[in-house]
Amino acid sequence: MKLIPLFDKIVLRQISTRQNKGVILPDTISESPSMGEVVYVGTGGMLDGNEINIILKEKDKVLFHKFTASEFSINNESLYIIKQSDILCIVEGEDE
Amino acid sequence: MKLIPLFDKIVLRQISTRQNKGVILPDTISESPSMGEVVYVGTGGMLDGNEINIILKEKDKVLFHKFTASEFSINNESLYIIKQSDILCIVEGEDE
Amino acid sequence: MKLIPLFDKIVLRQISTRQNKGVILPDTISESPSMGEVVYVGTGGMLDGNEINIILKEKDKVLFHKFTASEFSINNESLYIIKQSDILCIVEGEDE
Amino acid sequence: MKLIPLFDKIVLRQISTRQNKGVILPDTISESPSMGEVVYVGTGGMLDGNEINIILKEKDKVLFHKFTASEFSINNESLYIIKQSDILCIVEGEDE
Amino acid sequence: MKLIPLFDKIVLRQISTRQNKGVILPDTISESPSMGEVVYVGTGGMLDGNEINIILKEKDKVLFHKFTASEFSINNESLYIIKQSDILCIVEGEDE
Amino acid sequence: MKLIPLFDKIVLRQISTRQNKGVILPDTISESPSMGEVVYVGTGGMLDGNEINIILKEKDKVLFHKFTASEFSINNESLYIIKQSDILCIVEGEDE
Amino acid sequence: MKLIPLFDKIVLRQISTRQNKGVILPDTISESPSMGEVVYVGTGGMLDGNEINIILKEKDKVLFHKFTASEFSINNESLYIIKQSDILCIVEGEDE
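Described below are features of the structure shown in this document. No experiment lies behind these values; they were computed from the predicted model shown.

## Observations concerning the overall build of chain A
The helix and strand tally for chain A stands at zero helices and ten strands. Seen in sequence order, chain A has helices and strands lined up from the N terminus as β-β-β-β-β-β-β-β-β-β. For chain A, with 96 residues in total, the buried portion stands at 53%. Residue pairs in contact within chain A that sit at least 24 positions apart in sequence constitute 66% of those at least 6 positions apart. Counting every atom, chain A has about 4,600 Å² of accessible surface; 44% of that belongs to carbon and sulfur.

## What to know about the interface of chain B and chain A
Facing the 22 residues of chain B at the interface are 21 residues of chain A. Between chain B and chain A, roughly 1,800 Å² of surface is buried when both sides are summed, and carbon and sulfur atoms account for 64% of that area. Counting across the interface, chain B meets chain A through zero salt bridges. For the interface between chain B and chain A, the tally reads seven residue pairs in polar contact (both at pLDDT 80 or more). Elements with a minimum of two residues in the side of chain B that touches chain A: strand 3 (23–24) and strand 10 (89–92) of chain B. In terms of residue count, strand 10 of chain B provides more of the side of chain B that touches chain A than any other element does, four residues in total. The class makeup of the residues in the side of chain B that touches chain A is twelve nonpolar, eight polar and two charged. Taken together, the four bridges between strand 1 (residues 2–5) of chain A and strand 10 of chain B define a ladder with antiparallel strand orientation. Each bridged residue has a counterpart across the sheet, and for A:Lys2 the counterpart in strand 10 of chain B is B:Glu92.

## Notes on the pattern of salt bridges
Think of it this way: side chains of opposite charge can pair up when their charged atoms draw near. Per the stated rule, a full pass over the model turns up 21 salt bridges over all chains. The closest approach of N and O atoms between B:Arg13 and B:Glu37, which form a salt bridge, is 2.7 Å. Placement of the pair is B:Arg13 in strand 2 (residues 9–14) and B:Glu37 in strand 4 (residues 34–41), with a sequence separation of 24 residues. A relative accessible area of 27% means that B:Arg13 is categorised as partly exposed. Residue G:Lys57 is joined to G:Asp60 by a salt bridge in which the shortest nitrogen-to-oxygen separation is 2.9 Å. In the salt-bridge network here, residues are joined through shared partners; they are A:Arg13, A:Glu37 and A:Glu77.

## Considering a negative patch on the surface
There is a patch of like negative charges on the surface, built from A:Asp48, B:Asp48, C:Asp48, D:Asp48, E:Asp48, F:Asp48 and G:Asp48. By the element assignment, C:Asp48 lies in the loop between strand 5 (45–47) and strand 6 (50–52). Overall, the relative accessible area of 57% leaves C:Asp48 in the exposed class.

## Some details on the environment of C:Ile10
Within the secondary structure layout, C:Ile10 lies in strand 2 (residues 9–14). Once residues within four sequence positions are removed from consideration, C:Ile10 is found in contact with C:Pro5, C:Val38, C:Tyr40, C:Val41, C:Gly42, C:Leu56, C:Tyr80, C:Ile81, C:Ile82, C:Gln84 and C:Ile87.

## What about the interface of chain F and chain G?
Taken together, the 21 residues of chain F in the interface contact 22 residues of chain G. Regarding the contact of chain F and chain G, the summed buried area is about 1,800 Å², with carbon and sulfur atoms giving 63% of it. Its largest share of buried area at the contact with chain G, chain F owes to F:Met1, F:Ile4 and F:Leu6, together 28% of the area lost on that side. Run the count over chain F and chain G and you get seven residue pairs in polar contact (both at pLDDT 80 or more). Elements represented by at least two residues in the side of chain F that touches chain G include exactly strand 1 (2–5), strand 5 (45–47) and strand 8 (69–74) of chain F.

## Focus on the side chain of D:Glu37
All names here are of chain D. The exposure class assigned to Glu37 is buried, which follows from its relative accessible area of 18%. Here Arg13 takes part through its side chain, which lies 2.7 Å from a polar atom of the side chain of Glu37. Those residues in contact with Glu37 that lie beyond four places of it in its chain are Val11, Leu12, Arg13, Ile15, Lys59, Asp60 and Lys61.

## A closer look at the side chain of B:Asp60
All names here are of chain B. With respect to the helices and strands, the residue Asp60 is situated in the loop between strand 6 (50–52) and strand 7 (61–64). At a separation of 2.9 Å, a polar atom in the side chain of Asp60 contacts the main-chain amide nitrogen of Lys57. Setting aside chain neighbours within four positions, we find Asp60 in contact with Gly36, Glu37, Val38, Ile55 and Ile90.

## Things to note about the environment of E:Ser73
Residue and element names in this part refer to chain E. Structurally, the position occupied by Ser73 is in strand 8 (residues 69–74). For Ser73, a relative accessible area of 14% puts it in the buried group. A C-alpha to C-alpha distance of 9.7 Å links Ser73 and Arg13, two positions 60 residues apart in sequence.

## Thoughts on the pairing of strand 8 (residues 69–74) of chain C
Residues and elements named next belong to chain C. With five of six residues buried, strand 8 is to be regarded as a mostly interior element. In this structure, strand 8 lies alongside strand 9 (residues 77–83), joined through six bridges in antiparallel fashion. Among the inter-strand pairings, Glu71 is bridged to a residue of strand 9, identified as Tyr80. Once strand 8 ends, the chain turns through two residues before running back antiparallel as strand 9, passing Asn75 with a positive phi of about 50 degrees.

## Quick word on the pairing of strand 10 (residues 89–92) of chain C
Both strand 7 (residues 61–64) of chain C and strand 10 of chain C contribute to a ladder of three bridges, which runs antiparallel. Paired with C:Val62 across the bridge in strand 10 of chain C is C:Ile90.

## Here we look at the environment of D:Ile54
Residues and elements named next belong to chain D. Here Ile54 is to be found in the loop between strand 6 (50–52) and strand 7 (61–64). A relative accessible area of 26% places Ile54 in the partly exposed class. Sequence separation between Ile54 and Asp8 is 46 residues; the distance between their C-alpha atoms is 6.9 Å. Sequence-distant contacts of Ile54, that is, excluding residues within four places in its chain, are made with Phe7, Asp8, Val41, Gly42, Gly44 and Gln84.

Definitions and cut-offs
Residues numbered from 1 in each chain as written. Chains lettered and ligands numbered in written order. Predicted model: local features only at pLDDT ≥ 70, side-chain atom pairs only at ≥ 80, totals over all residues. Heavy atoms only, no water. Helix = DSSP H or I, 4+ residues; strand = E, 2+ residues; numbered from the N terminus. Buried < 20%, exposed > 50% of the residue type's maximum accessible area, 1.4 Å probe, protein only. Contact = heavy atoms within 4.5 Å. Areas by Shrake-Rupley, 256 points an atom, 1.4 Å probe, with all protein chains shown as cover. Buried area = accessible area lost by both parts, 1.4 Å probe. Salt bridge = Lys/Arg side-chain N within 4 Å of Asp/Glu carboxyl O. Polar contact = N/O pair within 3.5 Å; in protein donor to acceptor, adjacent residues only side chain to side chain. Nonpolar A, V, L, I, M, F, W, Y, C, P; charged D, E, K, R; others polar. Pairing = 2+ DSSP bridges. Patch = residues over 30% accessible without salt bridge, like charges linked within 9 Å, V, L, I, M, F, W, Y side chains within 5 Å. Lys, Arg positive; Asp, Glu negative; His and termini not counted. Charge placed at Lys NZ, Arg CZ, Asp CG, Glu CD.

Printed below as a string of structure tokens:
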């Protein structure tokens with residue numbers, strides 16, 4: 001099974017912050033961003049007259065706010081759909 | 001009888017999540033997306049000065065939020081009208 | 001007497017759902033769309049820098065939300081004025 | 001004395017619905033549109049980068065919502081200033 | 001001393017409605033427009049990518065809503081700063 | 001030390017209205033504008049696709065609303081950061 | 001580990017105002033801006049049809065409002081993600 005997000009949408013799998021070494025995202029700060037891994041990227045194309053450039057790729061690790069994303073689950077795994085421009089940043093080299 | 005959605009609108013038939021094998025959309029999460037099947041696609045054309053590209057086609061399975069759609073019923077079947085860009089993603093290969 | 005809606009506006013006559021065979025629009029769902037017949041279409045032209053294309057024509061049957069329309073009455077008949085892009089879809093072949 | 005509405009604004013004189021034969025605008029429906037006669041039309045010109053086309057002319061009879069207009073009085077006559085695009089429709093042939 | 005309003009702003013001096021012969025603006029209608037005289041016009045120029053055309057000139061008499069303007073006083077005289085497009089209309093020939 | 005406001009932002013030093021001869025800005029009117037002197041002007045450049053023209057220069061005296069500005073202090077002096085287009089007008093010749 | 005903010009986003013490290021000599025940002029004024037140092041700048045590129053110009057560079061000291069930024073922490077250090085155009089100004093020569 002495969003998901004194809006429309007236009008500028010991205011599907012993320014949340015990564016437990018316990019898996020991360022450097023990034024600490026305290027659960028107690030409700031406004032604090034979460035970490036996710038890109039599972040599917042959007043189709044791109046023209047939306048509202050503007051060309052959408054998908055700059056994220058699968059497996060990118062990113063920080064995002066859950067309140068800007070929609071949660072659902074597939075095969076007992078929580079996924080999030082979010083607009084690319086709502087993603088805050090890519091996290092690189094985190095496992096090294 | 002046939003429906004012709006205007007511009008960027010899409011008519012969906014909700015698919016019971018029981019029919020799906022992999023995707024689990026818990027009823028208890030009110031914000032959780034629903035699964036639907038595309039029944040009719042919009043006319044496309046120019047709207048507010050922008051060209052609308054209909055990238056969905058009939059029989060596509062999609063995830064969408066009910067609160068972004070309008071519900072009505074034809075022949076005792078619940079249908080939803082929604083703007084294409086409010087649809088979250090296409091679900092492919094779900095029955096295999 | 002004749003009405004000429006400005007720009008992208010459409011005048012509809014509501015059709016009682018009792019007249020319809022297939023479409024059932026339950027009165028109890030306040031958010032449910034209504035069925036209407038196009039009585040007058042707008043002048044089209046340029047509005048806010050965008051060309052307006054009127055794609056509806058008189059006698060088209062459509063679904064619309066009353067809360068997106070303005071109601072008034074002429075000769076004891078209820079009419080609705082609505083922006084074309086707020087109309088949800090055209091209903092074709094409904095009487096056959 | 002003469003008024004020159006700026007850009008896309010129109011000055012209307014309200015017409016008592018008693019003067020009208022066909023159009024009945026019940027006073028009890030607060031959201032119901034009013035009937036007015038165009039007294040002065042706007043200067044047109046460029047506003048926010050868009051060309052304004054004045055398609056109404058003096059003496060046109062129109063339907064409009066009072067809550068989209070500003071009321072004032074000149075020589076004991078109530079007048080309304082309203083943006084042209086907020087006017088709902090022109091009423092033609094009403095006196096015949 | 002001289003004021004130079006920026007871009008599309010206009011400085012008005014309120015005119016007492018007692019000085020006016022024809023226009024009656026009842027004080028009791030809080031939403032009713034006020035009459036003002038243009039004292040200074042804006043610099044024009046480009047704002048947010050759009051060319052601003054100043055069509056008002058000094059000494060023009062206009063109708064405006066106080067709630068769309070900012071009040072201050074110079075030499076004990078109340079003045080108002082307002083965006084040109086918020087001014088409702090020019091009043092001509094009022095003293096004749 | 002020097003501040004470089006980004007894009008269309010301006011840094012102002014508030015001027016006590018006691019220093020001014022003609023302009024009286026009553027403290028009791030909370031919505032009344034304040035007088036300020038331009039200390040630093042923005043970098044200009046492209047923002048959201050529009051060219052920003054900085055028309056203010058250092059030492060210009062201006063009227064502005066404190067609620068459209070951000071206050072901070074440097075060396076015990078209160079400064080304000082504000083978007084240029086939120087500044088109401090330049091005050092010229094005030095000391096003469 | 002490295003962060004790559006998307007499009008027009010900037011990652012800041014807050015600087016304690018005790019480290020600064022001239023700038024005093026009272027903690028008691030909740031609306032007062034904070035001082036930060038640029039740690040990572042955004043990718044730039046096209047967003048919503050507009051070219052994004054990143055004019056900040058790493059190590060720039062800036063003033064910003066915390067309520068326009070998202071806080072998180074890496075290796076026990078608080079960082080902030082913010083849109084470049086929400087940053088108020090660059091502070092230069094502060095240590096000299």
